[in-house]
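Residue-level structural notes
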Amino acid sequence: MMIVPAFNQVDPASNVLSRFPMALNIFLQENFNQWQSTYLLILLATLALSAIILYRRYRSRRLLVERIAELEQLSEAGGAIVAAELDVIALCKLIAEQASRIIDTTTFQIGLFDDELYEIYYWSIGGQEQTTPVSFDISEKSGLVGWVRKSKQSLLVRDFQKESASLPATPGYINENPPRSAVFLPLVSGAQVLGIVGAQSAQPRAFSQKDLGQLTILANQAAAAIANARMYQQERTKSEYLELVSQIAHQVSAIYDLDELLNQVVELTNETFSFGSVNIFIVEGPETKAVIKASTISDLKADSLIIDAGVGLVGTAVATRETTLSNNAREDDRFLADAISEETRAEISIPLIVDQDLLGVLDVHSPNMGAFTSQERTILEALAAQIAVAINKAQQLEIQRQQSWITMAQLQVAESLSQPSDIEDLSQTLVRLTALLVGSDKCALLLWDKDFTFYRVMAEFGIPTLVENSNGHFEINLGQWRALDAVHVGAEQLTTSQSPPWSTSIGQEQQQVFMLQPMVAQGRVLGVLVLEEFDLLDAQEQGGRSELLQNIANQGAQAIDNIQLQMAQQEEAWVNTALLQVAEAVNKLTDLNEILDSIVRMVPMLVGVRSCVVLIRDEAQQNYRAGPSHGLSEMGQGLLASFEVDLSEFPLLGTQDVDRIGPDAAYYTFKLPDWMHTIMDSETADIFPLHARAQIVGTLVVGPTLNGRPLSGRRLNIVTGIAQQAAVAVVNHQLYLESAERHRIEQELDVARSIQASLIPQQPPQIPSSSVATYWQAARQVSGDFFDFMSLAEDHWGIAIADVADKGVPAALFMALSRTILRTVAFNRLSPAAVLERSNQLIYGDTTSDLFVTVFYAIWHPESKTLTYASGGHNPPVLIRQDGTVAMLSAKGIALGVLEEVEIAQEQIELHNGDLVVYYTDGVSEAMNEDYDEFGMERLCLVARNARTGTASEVVEAITAAVADHAGDTPQFDDITLVVMKYE
Amino acid sequence: MSIQKEPLPGEIWLIGVSGRLDQNQSLELEITMQELVDEGYFNLLIDLSEVNYINSGGLRCLVTLWRQTRQHGGNLALCGLNSRLTEVFSIVGFDKVFDIYDDCSSFQSS
C-alpha cells in the first residue's frame, strides 16, 4: 500500500523522453537515402505513428519494468530485514545495508528512543562505521531527531544552507563540516516512534523525494522488525531473568538449613541482579514483627534488626501483604532510613507468602532511582515466590526434623521406660532421660505416696543426693511447696521461681526457674518431674521441649502406674498368701489357744509391728480376758496374765461403740488406758474387733509399727483379714464347745435313757388267765413315768404305774429311786396301801428334792380274781367290764414324797372274764391337740370300751392310735405310759 | 399366764395367778414367790380362781413353795380352786397337803 503513493511521487518521464529522440534520429538517418520523398512522407507519417505507438508501449513497458525492479529491490530489502535475526543491533546494521542500495549511506544512522535517551545502534560517518550503541540525552535539546519523533513525519532537507530558515527545528549538533543535505525518517510501530533513520551528505540535493519514498517503505518495514526484535529481546531478558530466578531457586532448593538458605538467597540474588543490598526478614509472632535473618550487608547479623508491622517499606509489606515499592525512596514517606538504606535511592519490599501464610519479606535496595521497573518488580516477585516456597520447605523440614527428633527421643523414652521393673530403677532412668532429652542440668523425680500423703524424692540428676530421712527418702508434704501443691491439685505443667524445699537444705541461693511437670495416669498425679534452670528464652524450642517433657512424663506415669499396679498385685498376692498361711494355721490347729497363739506370732511378722495381743470377750462374765500375746515385755506378759477387764472398763470395745463407728470400721486407733499402756509399752494401739455372728467375740490389739508410721493400707488389709480369721476361730471354738456340750449331754441322756429303759419291763409278764400289754413313751429322752410288774408270793402279781412330777433327768433319777424303793418295799408285802405308805416314808427321807411321785399300785390274784389296789395320788385306772360297764378305780391317797407320813386307802374289786383294766399316766388323758383340747377321760373310756373285745395289745394300739390321732402334729408334751390288763 | 401380787394384813401376800399352770408356766410364779420368800414373807395365799389347768409340773411348783414357807415357819395356802383343780388336788391327795379355801375372804376370815 505504501508503494503506490511512493511510485506516484516519482516522475521518470523526462529521462525517457530525452533518450528516445536520440535513437529515432539514428534510425532515420540510416534509412533516409534509400527512399523517395513521397514515399518518404507516407513512410515518415507511418513511421511517426508507429514510433508513437511503439514509444507508448515502450514507455509503459519501461515503467512496468522499473516498477517491478523497484518492487523487487524493496521486497528484497524488506525480506532481508524481516528474515533477519531478531537482534536490534544486527537488525540496524542490516537496515543500513539495505538502505545503501537506495541512497548514499556514507553518513548514516539508525537510533532508537529510550525515554529521554536517544541510542544510536548503527552509525556511519563518512563511510567509517562508529562504535555503537551510543546514547544521547535528548531531554533538553532534541533537535531534528526530536521533531521527527514528535511529529512522526519524515524530513527531507535538500540543502541546509538554503533551507536553514524553513527547518522545523534546529539541528541538534554542529560540526566542522556540516552536511548540506539530509533525510530523516521516523521508525513508526503502531502509535509509537521507536527511533530514527537518518542519512546526511556533504553534497546538496543528495537525496531526492523518490529516495525518501523508497526509504519510507524500508523504514516502515524496519520499524516493524525493530519492534519485534525489541519485544523479543524484552521477553528474552525476562526469560533470562526468570532463568536466573529459577537458577537461584534451584540452587537454594537443596539447602535445608534455613539460615544457610537465606544467606544463599541474598548472595545469589545480589550476584545475579546487582541491584544493591538484598535482605530477608522473617515474620515472627502473629505477624507483628519482621526480624532480619539474612543480608548482603555483612554487618547486619541475623536478629539484629526488628521492624514492626506498618513501619517502613518492609513493615508496610508485612501489614498489607503486598509488594511495596519506592523508586524515589528519599522522597517517600514510608522510607525508613536505617543501616540498610544509607545509599538507597530505590527500595522494593516483597512479602514472602505461601498458602496465605506470610513467612517474611524480601527486601532489595538500589542506589539508583527508578531501579525497579515493572519488569524488575515482576522478576523479583517471581524470585520472592520461589524463596517463599524454599523457606516454607525449610521451615517445614525444620519442624519435621524437630518432630522426628522428638519422636526418636520419645521412642528412646519408651524403650528405656519399658525396661525397669521397679520404681527405683525407673525413677533413675526417668530423671536421666529427662535431663538429657529435655536439656536441663538438674532434674528430680517426686513420687506421690498415697498411703502417707506426701511426695518422696525418688531420684535426682545434677542435684547432690538429697539428705535422706530415716525412711530413706527426702519427703515433701503438701503445703510445704506451694508450686508443688498447685501441680498436685491442677495436674498441669507449671513454671515457677519458687524454690523447692531441698534448695534450702543444700544451700542454693541464687534465683532459679523451675519447671514442674506432673506425671498423670488414670487422672491421678502419680508424681512430679522438677527441672531446674529451665531455659525459657526460645519459645519455639521451648514448645518442642515442653512437648517432649510432657511425653516423657506421660510415659513415665504409665510405667509407674504399671509398676505400682504390678506391685499392688504382688502385694495382693502376698497378702493373700499371708492370709492363706494364717488360714492354714487356723485350720490345722484345733485348739483355740494354739490358733490364737500362732495368729499373734504371725501378725508382727507379716505387718512389722512390735506386739500383738488377743483379748477374748466373755459374755457370761461380762469381761475381757487375755488370750495369747506376742512381743510383750516380761512385765507386760506378767500383767497380761492376770488381765481380766470388765466390759465397762474397756468401753471402746463395747458393742455400742462398734455401732457408733459403723459396721465397716475394721479397726481404729485407740489411746490406751494406763494399765494397757504398760502392757503394750505404747500409748496407742490399733484395735481390730473380732466380729462374728453379729457380736464381738474379742479383739486383736496391735502394737506400734517398727517404722513408727501408721499401718499402711496393705498391712491394714492383712491385719483385718487375720482379725476375721481369729474371730471365726473364736466363734468356731465356742460353737465347738457348745456342740461338744450338747453332744455330751445327749450321750449322757442316751445312757440315762438306756439305763431307764432297762428299769422298765421289756416284756409284759406271763400272768395266768391275764394278758398284759404296755406302752411307754417319754416326751424327752428320759421319762418320769414308769410301770412295773412284780411276781409276789402265792401267785400274786404286783402291778405299778407311776408318774414323777417333772420330766427330764431329775425326774428320771427320781423315777429310778422310786422304782427301786417301790420294788423293794412291795416284795414282802401283800397290802398295796402298806406298800405305798412305806415307800412314801423311804422316798420322803431319801430325797431332798422337791419332787414327788404319784403311784397306783395293785396286787392281782388271778386265782381269786381279786384286784387289791391303792393310789398314791395317781389318776384312777379305768375298769371296763365285759358288758361295757365303765368304772374308775379310785382310792384315797396322796402323792409320795410330799408328806412324811401319809394315810393311803386300799380298795378291792373282783374281775370277771373279759374285763379289762387300763392303767395310764396323765400323758394319755391330758394329751392335747393344737387347740389345747385334752384327749380326756371320756375319750379314753370310750376308746377302751369300744376296743374291749380285742386283746390287751389291741386295746393299747387303739388307745395310742386315738391319742396320736387327737394330738395330730402337736408335739408330745408329757410322758405317755399305758398298761392294759385283760382277764380271760 | 399372768401373776399379780398384793399384800394382805399380817405380812401375808396374796398372789393372783391366771391361765395354765404347768411346769413351763409355773417358773414365773416360782420366781415371784421366791422374791417374796427372799424378802422374808413366808405367809402366802395363792388365788387359783383364774387357773383352769394344772398338771404335775404346776403341782410340783406349789409343793416346792409350800415346803419353803413351811421351813421358815410360814405357810402357803390356796384358794379359789375350780372344780377341775379341786378334782386334781383330790386325786393327787394335795387337798390334805395344802390349806385350801374357797376364796380370799374365807381365808382371811379363818
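Let me sum up the structure you'll find in this document. Values in this document were obtained by computation on a predicted structure and should not be read as measured data.

So, how was this worked out
Residues numbered from 1 in each chain as written. Chains lettered and ligands numbered in written order. Predicted model: local features only at pLDDT ≥ 70, side-chain atom pairs only at ≥ 80, totals over all residues. Helix = DSSP H or I, 4+ residues; strand = E, 2+ residues; numbered from the N terminus. Buried ≥ 20, exposed ≤ 12 C-beta atoms within 10 Å, placed from the backbone. Contact = placed C-beta atoms within 7 Å. Nonpolar A, V, L, I, M, F, W, Y, C, P; charged D, E, K, R; others polar. Axes fitted to C-alpha atoms, helices over the stretch in contact; angles between N-to-C directions. Parallel < 35°, antiparallel > 145°, perpendicular 65-115°, else oblique. Arc of directions from axis to C-beta. Pairing = 2+ DSSP bridges. Right-handed = clockwise from strand over helix to strand, strands pointing away. Core = buried A, V, L, I, M, F, W, Y, C linked by C-beta atoms within 7 Å.

Each helix and strand counted, chain B has 4 helices and 5 strands in total. When each of the 110 residues of chain B is scored for burial, the buried share is 40%. For chain B, the share of sequence-separated contacts (at least 6 apart) that also reach a separation of at least 24 residues comes to 69%.

Between chain A and chain B, the contact holds 16 residues from the first and 14 residues from the second. Of the residues belonging to the side of chain A that touches chain B, the class tally is 7 nonpolar, 4 polar and 5 charged.

Residues and elements named next belong to chain A. Following both chains from N to C, one finds helix α4 (residues 88–99) and helix α7 (residues 209–253) inclined at 170°, their axes separated by 10 Å at the closest point. Comparing their axes, α7 and α4 come out roughly antiparallel. Taking contact as the criterion, the partners of V88, L91, I95, Q98 and A99 in α4 are, on α7, L215, L218, A222, A225, I226, A229, R230 and Q233. Partitioning the contact of α4 with α7 into residue classes produces 10 nonpolar, 2 polar and 1 charged.

Attention now goes to helix α3 (residues 83–92) of chain B. Among the residues of α3(B), those classed as buried are L85(B), V88(B), F89(B), I91(B) and V92(B). All buried residues of α3(B) lie within an arc of 160° about the axis, which places them on one face of the element. Exposed and facing more than 90 degrees away from the buried side of α3(B) are S83(B) and E87(B). Those residues of α3(B) that are buried lie in contact with β29 (853–861) of chain A together with β3 (43–54), α2 (56–71) and β5 (99–101) of chain B. The positive-phi residue at the C-terminal boundary of α3(B) is G93(B), with phi of around 85°.

Attention now moves to the pairing of strand β2 (residues 12–21) of chain B. Residue and element names in this part refer to chain B. The pairing of strand β1 (residues 2–8) with β2 spans 7 bridges and is antiparallel. Note that in β2 the partner of K5 across the bridge is I15. Connecting the antiparallel pair β1 and β2 is a turn made up of 3 residues, with G10 showing a positive phi of about 80°. Bridge count between β2 and β3: 9 bridges; the pairing is parallel. What sits directly across from R20, in β3, is Y53. Between the parallel pair β2 and β3, the chain is carried across by helix α1 (residues 26–38), and the sense of this crossover is right-handed.

A few words now on the pairing of strand β14 (residues 442–449) of chain A. Residue and element names in this part refer to chain A. Here β14 lies mainly inside the structure; 6 of its 8 residues are buried. Bridge count between β14 and strand β19 (residues 524–532): 6 bridges; the pairing is antiparallel. By the bridge assignment for β19, K442 is matched with E532. As judged from the 7 bridges shared by β14 and strand β15 (residues 454–461), these two strands associate in the antiparallel manner. Paired with D449 across the strands is F454, a residue of β15. Counting the residues between successive antiparallel strands, the hairpin from β14 to β15 contains 4 residues, one of them, T453, with a positive phi of roughly 50°.

Here we come to the nonpolar core. Residue and element names in this part refer to chain A. Membership of the largest hydrophobic core comes to 103 residues, with the highest contact counts inside it found for V853, I959 and V980. When residues in this core are grouped by element, the largest group, 8 residues, is from helix α20 (residues 808–827). Beyond its immediate sequence surroundings of up to four residues, V853 is in contact with A802, D803, V804, A805, F814, S818, I843, A895, L896 and G897. Membership of the second largest hydrophobic core comes to 46 residues, among which are L430, I476, M515 and A557.

All names here are of chain A. In space, the 6 strands of this open sheet follow the order β16-β15-β14-β19-β18-β17, with antiparallel pairing throughout. The open sheet has two edge strands with one neighbour each: β16 (474–477) and β17 (494–496). On average, each strand axis in the sheet is tilted by 30° relative to the strand beside it, whichever way the strands run. Packing of helix α11 (residues 423–439) onto the sheet brings it into contact with β14, β15 and β19, and relative to β15 it is tilted by some 60°. Sheet contacts for helix α12 (residues 482–490): β15, β16, β17, β18 (514–521) and β19; angle to β18, the most-contacted strand, approximately 30°.

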